[in-house]
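Summary of structural features
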Amino acid sequence: MKIWKYALHTISLALVFTASAYAVDTGNRETTLDIRLKQGFSAAYDLDDQSTTNGPANFLVEAKGSYRPNRSFTFIADFWLRGDWAPGFDSISSSGMHDPTDVVPGALGNFDRRLPFELHTNGCTGSTINSPVDTFCSDSNSIRQFNTIDDIIRELSVKYRDHKNRFTIKVGKFQRGWGQSDGLRLLDILHAQDLRERFAFRDSDELRIPQFMIAADFNFNKMGIAKPFEALGMKRPVLEINIAPEVRHSEFVVNNPNPSDRSSGGIFGLPFPRVLDPVSGAGFVGFGFDIRNKEADHWGFDDAEFSARLKFDSLGGQFTLNAFYGMQDLPTVTLEGGTFIVGNGFNNISASIAQVPLTATDVETVVHGAPGFLGPVGVGGALPTGGYLSYLRGIAGLGPLVESPLTTLSGGGCADPLQPGFGAGLACSINGIVNLDYNNRQKVVGFSFARDMNEFKFGPKQTSAAMRIETAFEFGKFYNRGNVSPGATGDLNTPLGVATLPLNGTTEFGSPALAVTANKAITKGNVLSTMIGFDYPLWVPGWETQEKSIFTSFQFFNIHSFAADRGLLQQAPYGFDTVNEDHQFVTFLWSAPVHQQRLVLEGLFIEDFGNNGTFYRQRIDFNYFGPRWRPRLEWMHFAGNGGENAPIGILDKSDFVELSITFQF
C-alpha cells in the first residue's frame, strides 16, 4: 500500500504543476500563490522549581497554490514545514519516575520524591551507567521538525464540479470540518488531531491532520430529486459522502525519561504517567516502559473510514444529519509483554548483560501475584514471593513482608532496587511493553442546527443572536478500566470487576489496573455529547466611538457516559482520572477589533467543571504594518488540579507568553 500511497501523491502533484506549467505556456491561467512565514519566541514561567525560561519557539513555512483552468476543475497544493527551535526547557520533574537512590533501606523513606527529568543536553552528562540523573535524560537541544511527507502535505487535491452544479468530486489529501462547536469536538471527527505543538489549544484548521480522501457532494435540487425531501420539510438538500482509505491517528509526545524509549515534547509534551501503587504511594522502582503504537492499516480499505452528511434548510435554519464509521484517533492501552533486564536496575537494556522476554501474563503475575508464585531464599530471608504491589505494601508496613518478584525471576541472583545492598550485587529491572492501541472502530451519529434568532433583537443597535446546537452519539466507545478486581469474567461488557487476580480479594485502581492482559483491561460504553451555543454581535452601551461590534460566543457542553459506573479511564495511560457520568464544559470567546480595526483583541475562556480546570488564551494582533506583516502577542494560562486531569489540568505547568511574527505574500 505504500507504493500506491506515494504513487497517488506523485500523480496529484504532477497534475497541479503540469496544469500550472500549461497555463504559463498558453497565457491562459487562473493561478494563485500564497506564501506564509512565521516565527515565534516564548517564555515559560510556571515550571516547578524554575524561574522564567525559554518556551517553545515554533516556526512555520507554508506555500499554497491553486489553479483553475476552467469552471469545472480546481487544483490545490498546500505544503508547510513546521518545527521548534527550542522544544524543551531546563528540567521538569517527571510525575511517574522516582529516584531509587533516595530510599532509606527497609522503609519507603523519601521514596515519593520525584526524579528530575532533564530535557537539555547540559543535564545529560552520561558519566555513569547507573546514575539516575544521567540515565533518565533526554537530549532536546536539536531542532525538532515535522518533516515527513505526511507532515509536509497539508493539501494536494483536484476538484471537479459538474457544469450544471449537480455534484462535485474532490480527490486527494485534504481536510473537511464538521459541526457547529468550537474548542471541543463533537461531530468534527473526520480527522485526527496534531497535538504536538499546542496540544488541543490551537485553531481547528491547524489541528486537523489531513487524509487522502474521496469526497462527493450531490445537490438534490440540481439533480431533480429533492421533492421527497422537501415533502418532509427539508429544503435545498445536499448529500456529502466521504471515503478515506488513509487512516491517521492523533499525534502527541509523551515526555518519557526511560532510557530505552526517551522522548521530549517540552511544556506541551504529555507528562509521563504516574506509575505507582496508590495504596502505599510507592513507585514501581524496578519498572520502565517501552511505549509502542499499535495502529490500524495506514492505507487500504480494511480499516478505511466512511462518513456521510445530509445538509438542508428547515425551521428557519440549517440542519445537518451526520454519520461516521472510522477509527478512534486516541488510544487505549494494552499490555503486550515485557523484558526482564539482568545487570541493570534502571531499565537500561544497553547496559545489561542479558534480557529475557516476558509475556503479558508474566508481567501481570509479576505485578499482581499468583498462587504458588514462590521464590528462593532471597536477601530478606525465606519469604514467599508476592506480586510487586504486595512487595511494596509489605515494605511500607501495610501488609506482610514478601520477596520481590524480581529476585524470584532471577533465581535469587538479583537484588531489587528497594532491598538493602542494592548496587553491591547484580541489579535487575523490568521494561513493560505497552501498546498505544489505535486499532478500535469508532461509530458516531449526530446532528447539528444553526439559526439566526431574528425574532429577538436587543442592545443599542437592536442586533440578534445566532443559536447553535450539536449532538453526537457514539456507540461502544473503547475505554481502559480504572479498576480491576479478582473473580470477574473479563467480559468486555460486564460492570466493574474484570481481572481474575488473586490479590487478597481487593480492587486495584490507578496505574496497577493497566498491568493486566487486554481482555481484562478494555471495556466499551456509549457516549452522548451535546452542545448549545449562542453568538452575539455586541455593541457596548455608552461607547459612542465603537467602530465595529464585538463578536461574542458562549457554549455549554455536556458529555454523558452511559458506562461511567465501570470505572473508566478518561484517557489511558493516565490512570487516576476517571470518566464522570456527566462532564460539563463552558466556553466563551470574544473578539474586538479597535483602532480602525488595526488592533484586534481576542480572548478564549474554557471552564472544565468535571475536573476543576480553567483555561484562558489572550491574543493581540497588531495590524499596523501593512498587509504583509502580522505580529501577534499570545498568552496561555492553565489552572487545574495538575496530575492527570485532562485536558486542562494535565498542562497545569504549561503557562507561557509568546511573540510571533508572520510575513505573508
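See above for the structure.
Counting of residues starts from 1 at the beginning of each chain's written sequence and follows it residue by residue. Only residues with pLDDT of at least 70 are given local features in this predicted model, and only at 80 or more are side-chain atom pairs given and counted; all residues enter the totals for whole chains, interfaces and linings. Computation of side-chain values: all heavy atoms of the structure, hydrogens and water removed.

Some words on the overall build of the protein chain
Condition: Strands here are runs of E lasting at least two residues and helices are runs of H or I lasting at least four, both read from the DSSP assignment and numbered beginning at the N terminus. Burial here depends on accessible area, computed with a 1.4 Å probe over protein chains only, as a share of the maximum for the residue type. Under 20% is buried, over 50% is exposed, and the range in between is partly exposed. Residues are treated as being in contact if the distance between any of their heavy atoms lies within 4.5 Å. Using the Shrake-Rupley algorithm and a 1.4 Å probe, accessible areas are obtained, with residue cover drawn only from the displayed protein chains.
Scanning the protein chain for helices and strands turns up 10 helices and 28 strands. For the protein chain, the residues scored as buried account for 54% of the 665 residues in total. For the protein chain, the proportion of contacts with a sequence separation of at least 24, taken over those separated by at least 6, is 65%. Working note: accessible area of the protein chain is about 28,400 Å², and carbon and sulfur atoms make up 58% of it.

Topic: unusual backbone geometry
Note the cis peptide between alanine 572 and proline 573, where omega equals 10°. Tracing the backbone through its elements, the reader meets proline 573 in the loop between strand S23 (550-561) and strand S24 (582-594). Residue glutamine 462 is not a glycine yet carries a positive backbone phi of 50°. Structurally, glutamine 462 can be placed in the loop between strand S18 (441-458) and strand S19 (463-480).

Concerning helix H8 (residues 388-395)
Burial analysis of H8 places eight of its eight residues in the buried class, which makes it a mostly covered element. When H8 is considered as a whole, its buried residues turn out to be Tyr388, Leu389, Ser390, Tyr391, Leu392, Arg393, Gly394 and Ile395. Phi turns positive, to about 80°, at glycine 397, one or two residues after H8.

Considering the sheet that holds strand S12 (residues 287-294)
Using the following cut-off: Strand pairing requires that DSSP identify at least two bridges connecting the strands. Orientation is described by axes fitted as lines to C-alpha atoms, over the contacting stretch for helices, and by angles from 0 to 180 degrees between their N-to-C directions.
Spatial strand order, S12-S17-S15-S16: four strands in an open sheet with mixed pairing. Looking at which strands have only one partner, the edges of the open sheet turn out to be S12 and strand S16 (354-359). The average undirected angle you get between the axes of adjacent strands in this sheet is 25°. As paired strands, strand S15 (residues 332-342) and strand S17 (residues 428-437) are joined by 10 bridges and run antiparallel to one another. Residue pairing for S17: threonine 339 is matched across the bridge by asparagine 431.

Regarding the side chain of histidine 249
For clarity, the threshold we go by: By the criterion applied in these results, polar contacts are pairs of N or O atoms within 3.5 Å in which, for protein atoms, one can donate a hydrogen and the other can accept it, and in which residues neighboring in sequence qualify only through two side-chain atoms.
Among the secondary structure elements, histidine 249 is positioned in the loop between strand S11 (235-244) and S12. Taking the relative accessible area as the measure of exposure, histidine 249 reaches 10% and is therefore buried. Within the structure, histidine 249 has its side chain in polar contact with the side chain of glutamate 295 (distance 2.6 Å).

Some points on the environment of valine 253
Relative to the elements of secondary structure, valine 253 occurs in the loop between S11 and S12. Distance in space between the C-alpha atoms of valine 253 and glutamate 197 is 9.2 Å, their sequence separation being 56 residues.

A word on the environment of glycine 542
Following the sequence through the fold, glycine 542 ends up in the loop between strand S22 (522-538) and S23. For glycine 542, a relative accessible area of 67% translates into the label exposed. With 82 residues separating them in the primary sequence, glycine 542 and proline 460 have C-alpha atoms 8.7 Å apart.

Let's talk about the packing of aromatic side chains
The test is simple: Pairing of aromatic rings covers Phe, Tyr and Trp, the last counted by its six-membered ring, and requires centre-to-centre distances within 6.5 Å; plane angles under 30 degrees mean stacked, over 60 mean edge-to-face, and any other angle means tilted.
Under the criterion given, the structure shown has 24 aromatic pairs. Ring geometry for phenylalanine 287 against tyrosine 388: centres 5.0 Å apart, planes inclined by 70°, an arrangement best described as edge-to-face. Of this pair, phenylalanine 287 sits in strand S12 while tyrosine 388 sits in helix H8, placing them 101 residues apart in sequence. Tyrosine 388 carries the same exposure label as phenylalanine 287, and that label is buried. Measuring from centroid to centroid gives 4.6 Å for tryptophan 629 and phenylalanine 663, while their planes differ by 45°, and the two rings are tilted. Here phenylalanine 663 lies in strand S28 (residues 656-664) and tryptophan 629 lies in strand S27 (residues 629-639), a separation of 34 residues in the sequence. A relative accessible area of 42% means that tryptophan 629 is categorised as partly exposed. Classification of phenylalanine 663 as partly exposed rests on a relative accessible area of 21%. Three or more aromatic residues joined by ring pairs make a cluster, and in this case those are Tyr67, Phe73, Phe75, Tyr160, Phe167 and Phe218.

Notes on a nonpolar patch on the surface
Put simply, the test is: To count toward a patch, a residue needs a relative accessible area above 30% and no salt bridge. Like charges then connect within 9 Å, nonpolar side chains (Val, Leu, Ile, Met, Phe, Trp, Tyr) within 5 Å. What counts as a salt bridge is simple: a side-chain nitrogen of Lys or Arg found within 4 Å of a carboxyl oxygen of Asp or Glu.
A surface patch of nonpolar side chains, amounting to about 780 Å² of accessible area, comprises Tyr45, Tyr624, Phe625, Trp629, Leu633, Trp635, Val657, Leu659 and Ile661. Where the nonpolar patch is concerned, the elements lending two or more residues are S27 and S28. Relative to the helices and strands, leucine 633 is located in strand S27. According to the relative accessible area criterion, leucine 633 is partly exposed, its value standing at 33%.

Remarks on the pairing of strand S10 (residues 211-219)
Bridge count between strand S9 (residues 167-174) and S10: eight bridges; the pairing is antiparallel. When the sheet's bridge partners are listed, lysine 170 is paired in S10 with alanine 215. Across six bridges, S10 lies against S11 in antiparallel orientation. For alanine 215, the partnering residue across the bridge sits in S11 and is asparagine 242.

Section: helix H7 (residues 360-368)
Ala360, Val363, Glu364, Val366, Val367 and His368 are the residues of H7 that are buried. The first or second residue beyond H7 is glycine 369, which carries a positive phi of 90°.

Note that all results are geometric; they support no functional claim without further evidence.
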